[in-house]
Amino acid sequence: MTSLVAPMFCSEVYIGSCYSWKRVSRENIMMFGPRMKACALKVSFGFSNSSMCYSIKNSNARSFSSRSDVWIGGGFGLASERKSDLHRWMMGGRNGGGRESFVVSCIASDGVSEEEKVSVLVIGGGGREHALCYALQRSPSSSTVYCAPGNVGISSSGDAICVEDMDPCDSSAVISFCQKQGIGLVVVGPEGPLVSGLANDLAKAGIPTFGPSSEAAALEGSKDFMKNLCYKYGIPTAKYQTFTDATAAKQYISDQGAPIVVKADGLAAGKGVVVAMSVDEAYEAVDSMLVNNVFGMAGSRIIVEEFLEGEEASFFALVDGENAVPLESAQDHKRVGDGDTGPNTGGMGAYSPAPVLTKELQNLVMKSIIIPTVQGMAAEGCKFVGVLYAGLMIEKKSGLPKLIEYNVRFGDPECQVLMMRLESDLVQILLAACRGELEGVSVDWSHGSAMVVVMASDGYPGNYKKGTVISNIIEAEQAAPSVKIFHAGTALDSEGNLVAVGGRVLGVTAKGVDLQEARDRAYQAVERVKWPEGFYRRDIGWRALS
């Protein structure tokens, strides 16, 4: 039996044969046939003023169209449903005396014709990219979604066609692929290709690319650049100093005292930040970066900044160079252990929305942090196009947001919960950003909450073993409604087993009417995954639920 995940735009689906009907949730549509093989039909409804259109493509079904009603039918019977009741439909069929069952899934759109649809290429191969592929594949404006290099979870789930042999940092190879496949939008997931100039090269080739130039990507590529921009344009952030000399850095730490924060200036895969609770711990961090070169050139310059006490939150905004559109709030858990203990990681879980970011605070973040950044970057001659991911601290003493850091791409694992909740056409939104047309654009989100629990290899964020076998993934996704497992560090071994090849490996994600239900569903799924060599935090969302 094969499972089929339905798009997010419908609340219920009917499946059945010409004799029987069954209502199922959109998260658990099953293709089945009482006696004969099943056939799945994908029906796209278009909303354009008062008219609608749709199409069915299947050898065992007939196609119909209507301006006022929606018609769905097979060889045996037809059903008509009015616009006011689009979430409910039925279809039956009989072919040559053989009884068949049909599955129908619905996607809301703006009446996008086949000619207007866009082929999309996602750059990257982690959990964030899987989530982006998942959302883009459901977009009414997408025709085909590719992912380079992708991963086994992305390809096996049908969320994208993976181009495994493409080096995403090889601009000429990426451009050649785009030209051959007629790619109309490139979405760059990780920061590395952005900092190295992939978006620059794609723009020169005339290929619409969602992601900043290498100059604008310095917001993440250099913390010193980001801090200088904040100082120049009055963006609230922690007090800091930049150092290349270990002795000078230690003297500053001695003067300031602990706790204090030491950061590598460049990209360090989310591991270049040490929150030192003692002066000696801060000294060790300085030596590891400036003396022992644990991060190479990324740590050849460091930032030492004041420790901010409060609650962290993630804020995302889409930017077209001049305009910014806020996305929903999210909050992640950086520390590896329960109770926010242990070393920092790339993120062990996240949830959306984040109660700490009230509407008033979100408006303040836009006014005091996001908009000044967009305007400042334009004034500096490097307009930012892409997603700005602001890591914030809501200070305990003032209740006001301060900027901790910028990322120039979707966060991981925050992207997973955002893409689960997204209801707008992602392709159209990202194209609007590429074209400088975000003014007046709004983004729609599902009600309720979403949560992701990251399953990681034992030893992470330190040394970990690769090649450990993971099983029961399909059963885990079916453990509760609205569950989706995004793959990050997975592959297939020579025997066809799913194995872990990274630190953070799976992002078990679920939606619910509220955060408690999303949490319950996510952990029900996590507990079904069979992976003795993996671990996960058991308290994701504790701040919001306490």
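None of these values were measured; they are calculated from a predicted model.

Once that is clear, we can look at the pairing of strand S29 (residues 449-457). In terms of burial, S29 is a largely internal element, nine of the nine residues being buried. With four bridges joining them, strand S26 (residues 349-352) and S29 adopt antiparallel strand pairing. When the bridges of S29 are listed, Ser352 appears paired with Ala450. In terms of strand pairing, S29 meets strand S34 (residues 504-512) through eight bridges, oriented antiparallel. In the strand pairing of S34, Met455 is matched with Leu506.

Quick look at the confidence of the model for the protein now. Across the protein, the average pLDDT comes to 82, with 79% of residues at 70 or higher. Scored below 50 in pLDDT, residues 1-110 shows 242 contacts in the model against residues more than four places distant or in partner chains.

One open sheet accounts for four strands, arranged S17-S20-S18-S19; its pairing is antiparallel. The open sheet has two edge strands with one neighbour each: strand S17 (240-243) and strand S19 (273-276). The mean angle between the axes of side-by-side strands here comes to 20 degrees, regardless of whether they run parallel or antiparallel. In terms of strand pairing, strand S18 (residues 260-264) meets S19 through four bridges, oriented antiparallel. Residue Val262 lies in a different strand from S19, and its bridge partner there is Val274. Most of the contacts of helix H8 (residues 246-256) go to S17, to which it runs at about 160 degrees, and overall it touches S17, S18 and strand S20 (302-306). Across the sheet, helix H9 (residues 279-291) is in contact with S17, S18, S19 and S20; its angle to S18 comes to roughly 10 degrees.

As a further point, take the pairing of strand S31 (residues 483-487). Across the five residues that make up S31, a large majority, five, are buried. Burial along S31 is two-sided: the residues Val483, Ile485 and His487 and Lys484 and Phe486 are all buried. Two elements, S31 and S34, share five bridges in a ladder whose sense is antiparallel. The residue bridging His487 from the neighbouring strand is Leu506, located in S34.

With that settled, the discussion passes to the nonpolar core. If you look at the biggest cluster of nonpolar residues, it comprises 49 residues, and the most contacted ones within it are Leu121 and Ile370. Here this core gets seven residues from one element, more than from any other, and that element is helix H10 (residues 359-379). Not counting residues up to four positions away in its chain, the partners in contact with Leu121 are Tyr146, Cys147, Ala148, Val174, Phe177, Cys178, Ile183, Leu185, Val186 and Val187. If you look at the next biggest cluster of nonpolar residues, it comprises 45 residues, including Tyr134, Cys415, Val417 and Leu418.

What follows is about the packing of aromatic side chains. Under the definition given, this model contains six aromatic pairs. For the ring pair Tyr134 and Phe486, a centre distance of 5.5 Å and an interplane angle of 75 degrees mean the geometry is edge-to-face. With Tyr134 in helix H1 (residues 127-137) and Phe486 in strand S31, the pair connects residues that are 352 residues apart, well separated along the chain. Summarising the burial analysis for this pair, Tyr134 and Phe486 share the class buried. In textbook terms, an aromatic cluster arises when at least three aromatic residues are bridged by ring pairs, as seen for Phe316, Tyr389 and Phe410. When the ring centre of Tyr134 is taken as origin, the NZ or CZ atom of Arg138, which lies over that ring, is 3.9 Å away.

Let's shift gears to empty space enclosed by the protein. Taken as a whole, this structure holds four cavities of 30 Å³ or more when the rule is applied. What the second largest cavity holds in volume is close to 70 Å³. Residue lining of the second largest cavity: Gly127, Gly347, Asp412, Gln416, Val454, Phe486, Ala488, Arg504, Val505, Leu506 and Gly507, and that is the complete set. A class-by-class count of the residues in the lining of the second largest cavity yields five nonpolar, four polar and two charged.

To continue, consider the sheet that holds strand S32 (residues 490-492). What links the strands of a sheet is backbone hydrogen bonding, and the strands pair in either a parallel or an antiparallel sense. Ordered in space as S30-S33-S32, the three strands form an open sheet in which the pairing is antiparallel. Single-partner strands in this sheet number two, and they are strand S30 (469-470) and S32.

What follows deals with the pattern of salt bridges. Under the defined criterion, the tally for this structure stands at 21 salt bridges. When the shortest N-O distance is used, the salt bridge between Arg409 and Glu220 registers 2.7 Å. Placement of Arg409 in the loop between strand S28 (401-407) and helix H11 (414-421) and of Glu220 in helix H6 (residues 218-221) is noted, with a sequence separation of 189 residues between them. Accessibility assignment for this pair places Arg409 and Glu220 in one class, buried. Across the salt bridge formed by Lys263 and Glu305, the nearest N and O atoms sit 3.0 Å from each other. Of the two residues, Lys263 is situated in strand S18 and Glu305 in strand S20; the sequence distance between them amounts to 42 residues. The same class applies to Lys263 as to Glu305, namely buried.

This next bit is on H10. Compared with an ideal rise of 1.5 Å per residue, which puts 21 residues at 30 Å, H10 spans 28 Å between its outermost C-alpha atoms and is within 8% of the ideal. At Met366, H10 shows its largest kink, close to 40 degrees. When we look at burial in H10, the residues that qualify are Leu361, Gln362, Val365, Met366, Ser368, Ile369, Ile370, Pro372, Thr373, Val374, Gly376 and Met377. Taken together, the buried residues of H10 touch H6, helix H7 (223-233), strand S21 (310-320), strand S22 (324-326), strand S27 (385-395) and S28. Backbone geometry just after H10 places Gly381 at a positive phi near 85 degrees.

What counts and what doesn't
- Residues numbered from 1 in each chain as written.
- Predicted model: local features only at pLDDT ≥ 70, side-chain atom pairs only at ≥ 80, totals over all residues.
- Heavy atoms only, no water.
- Buried < 20%, exposed > 50% of the residue type's maximum accessible area, 1.4 Å probe, protein only.
- Helix = DSSP H or I, 4+ residues; strand = E, 2+ residues; numbered from the N terminus.
- Pairing = 2+ DSSP bridges.
- pLDDT = per-residue confidence, 0-100.
- Contact = heavy atoms within 4.5 Å.
- Axes fitted to C-alpha atoms, helices over the stretch in contact; angles between N-to-C directions.
- Core = buried A, V, L, I, M, F, W, Y, C linked by side-chain atoms within 4.5 Å.
- Phe/Tyr/Trp six-rings, centres within 6.5 Å; stacked < 30°, edge-to-face > 60°.
- Lys NZ or Arg CZ within 6 Å of the ring centre and 35° of its normal.
- 1 Å grid on protein atoms, 1.4 Å probe; cavity = no way out; pocket = protein on both sides within 12 Å on 5 of 7 lines; lining within 4 Å.
- Points joined across faces, edges and corners; volume = space filled by probe spheres on them.
- Nonpolar A, V, L, I, M, F, W, Y, C, P; charged D, E, K, R; others polar.
- Salt bridge = Lys/Arg side-chain N within 4 Å of Asp/Glu carboxyl O.
- Expected span 1.5 Å × (residues − 1).
- Bend = angle between axes of the 7 residues up to and from the residue.

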